[in-house]
Amino acid sequence: MTTRPMQIVFLLVLLVVQAAQAGQIAPSPLSADPGYPRRVTDLAGRDVVLSQAPRRIYLANGNHLMVLALLDRENPLQRLAGWNDGIRASDPSLWRGLQDRWPETAQVPVLNLNGDINAGIEQLLALRPDLLVFNVEKQAEIESGPLASVARRLALPILYVDTSRDAVEHAPKTVAVLGRALGQETRADAFVQDYGRRLARIRQGLAGTAVRPRVFIEARAGRMGLDQCCYTQGDTTWGRLIEAAGGRNLGSELLRGRTGEVPIERLIHDKPEVYLMTGTPQNRKGSRLIPFGYGAEPDTTRTALQALMARQGLSWAANAPQACVYAVTHQFYDTPLNIVAVEFLAKVIHPALFPEIDADRSYRELVERYTHLPDTPFVFNAALRWDGARCEE
């Protein structure tokens with residue numbers, strides 16, 4: 001949708017007047033919050049000044065609630081003025097856990113700006129936010145449209161972050177950016193250092209080998225039922241997680257874009273050394289996804305994996321009959337806890353190099369140490385051999 005120039009001017013004037021009347025124009029330079037004003041450098045490299053501690057945040061990507069769970073541990077929803085609640089559909093098991101732990105989850109105002117961000121300015125400003133947090137890939141759209149102008153007129157800061165597109169490099173940086181913005185540097189630093197130690201251990205283990213096994217990852221396997229294969233990711237999220245774990249992501253070589261379909265015939269020809277699938281509890285009509293998540297049953301996830309492995313012709317892509325097919329939750333694609341995925345993948349791709357890694361234990365450690373998320377059993381991986389036998393633990 002394109003807004004005519006006069007409409008933009010009218011909207012700007014109206015919003016500024018309303019904000020002034022409501023006391024929402026930029027706060028006094030003499031902030032009552034210790035440590036503010038402060039300067040924060042976001043993932044777009046912009047220096048953003050926050051005049052006070054944010055109390056009413058708009059979160060454009062609901063997955064970034066996991067960042068707030070590391071920072072505002074007692075209640076990651078306490079500063080939200082509104083958000084995109086996409087995790088309600090994408091991860092129903094996490095949504096139920098959040099509601100059980102923090103019943104106000106469902107009461108946070110919802111504003112999904114997945115389409116034309118600039119078309120939702122009025123609804124966004126009606127939330128009276130004092131900080132906007134967007135994915136970094138939205139910067140060009142926002143900065144070239146009226147939202148950036150409105151935000152400047154209202155001294156409303158915008159931070160661009162990322163835990164998905166460049167998952168390994170950007171996830172800890174996003175924690176650091178929002179940690180500084182919220183005055184939670186100590187908590188942010190503790191997590192970032194832990195993340196760095198775990199990643200350094202993997203990089204050190206990989207330094208002694210030039211071997212990079214070929215890996216194919218079927219993202220959200222079964223998303224269109226048992227008649228569809230094989231959707232994957234290239235040089236983005238899962239592709240970069242695989243590379244960080246010492247694998248050679250076939251999707252990066254076979255796709256022209258970031259995501260797309262690879263013909264099963266190509267996989268039969270290439271026979272990758274490691275075949276991976278991702279699964280999610282997201283339930284759509286006709287889908288046959290692997291239902292990983294909180295409260296999931298291991299037998300149920302293995303049964304779903306077995307059904308996907310039995311799709312016509314897929315077994316011909318097996319590198320060897322005794323080789324394992326591995327599956328992991330897709331939800332690691334957009335969270336600072338993706339370091340658990342890197343550990344899991346490293347052990348799958350290079351089992352001899354990382355026999356000591358226990359990704360399940362790592363997940364429990366991180367959640368217990370850095371969050372107050374529900375202490376609910378979390379099933380996030382499964383494995384079966386191509387010949388139907390179970391993989392060795």
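1. Examining the packing of aromatic side chains
Under the defined criterion, the tally for this structure stands at 13 aromatic pairs. Consider the rings of Tyr275 and Trp386, whose centres lie 5.7 Å apart with planes at 80 degrees: the pair is edge-to-face. Of this pair, Tyr275 sits in strand E11 (residues 274-279) while Trp386 sits in the segment after strand E15 (381-385); the two residues are 111 residues apart in sequence, bridging distant segments of the chain. Each member of the pair, Tyr275 together with Trp386, is buried. On the basis of an interplanar angle of 50 degrees and a centroid distance of 5.9 Å, the ring pair of Tyr363 and Phe380 is categorised as tilted. Here Phe380 lies in the loop between strand E14 (378-379) and E15 and Tyr363 lies in helix H15 (residues 359-370), a separation of 17 residues in the sequence. For the pair shown, Tyr363 and Phe380 are each scored as buried. One aromatic cluster is present, built from ring pairs that chain together Tyr294, Phe332, Tyr363, Phe378 and Phe380. Over the ring of Tyr36 we find Arg38, and its NZ or CZ is 4.3 Å from the ring centre.

2. Thoughts on the sheet that holds strand E13 (residues 324-329)
Ordered by their spatial adjacency, five strands build an open sheet running E9-E7-E11-E13-E15, and the pairing between neighbours is mixed. Two strands in the sheet have a free side with no partner beyond their single neighbour: strand E9 (248-249) and E15. Sheet contacts for helix H14 (residues 338-349): strand E7 (214-218), E11, E13 and E15; angle to E11, the most-contacted strand, approximately 155 degrees.

3. A closer look at the pattern of salt bridges
By the definition in use, this model includes 26 salt bridges. Put simply, Glu343 and Arg201 hold a salt bridge, and the shortest N to O gap is 2.8 Å. With Glu343 in helix H14 and Arg201 in helix H9 (residues 185-206), this pair connects stretches of sequence that are 142 residues apart.

Cut-offs and rules
For every chain, the first residue of the written sequence is number 1, and numbering continues from 1 along that sequence. Thresholds applied to this predicted model are a pLDDT of at least 70 for local features of residues and 80 or more for the giving and counting of side-chain atom pairs; totals over whole chains, interfaces and linings are not thresholded and use all residues. Note: side-chain values were computed over all heavy atoms of the structure, leaving out hydrogens and water. Pairing of aromatic rings covers Phe, Tyr and Trp, the last counted by its six-membered ring, and requires centre-to-centre distances within 6.5 Å; plane angles under 30 degrees mean stacked, over 60 mean edge-to-face, and any other angle means tilted. Helix and strand assignments come from DSSP, with helices taken as H or I runs of at least 4 residues and strands as E runs of at least 2, each series counted from the N terminus. Burial classes follow relative accessibility: with a 1.4 Å probe on protein chains only, a residue under 20% of its type's maximum area counts as buried, one over 50% as exposed, and anything between as partly exposed. Charge-over-ring placement is defined geometrically: NZ (Lys) or CZ (Arg) within 6 Å of the ring centre, and within 35 degrees of the ring normal. By definition, two strands form a pair when at least two bridges between them are found by DSSP. We call two residues in contact whenever any of their non-hydrogen atoms come within 4.5 Å of each other. The convention used is that axes are lines fitted to C-alpha atoms, helices contributing only their stretch in contact, and that angles between N-to-C directions extend from 0 to 180 degrees. What counts as a salt bridge is simple: a side-chain nitrogen of Lys or Arg found within 4 Å of a carboxyl oxygen of Asp or Glu.

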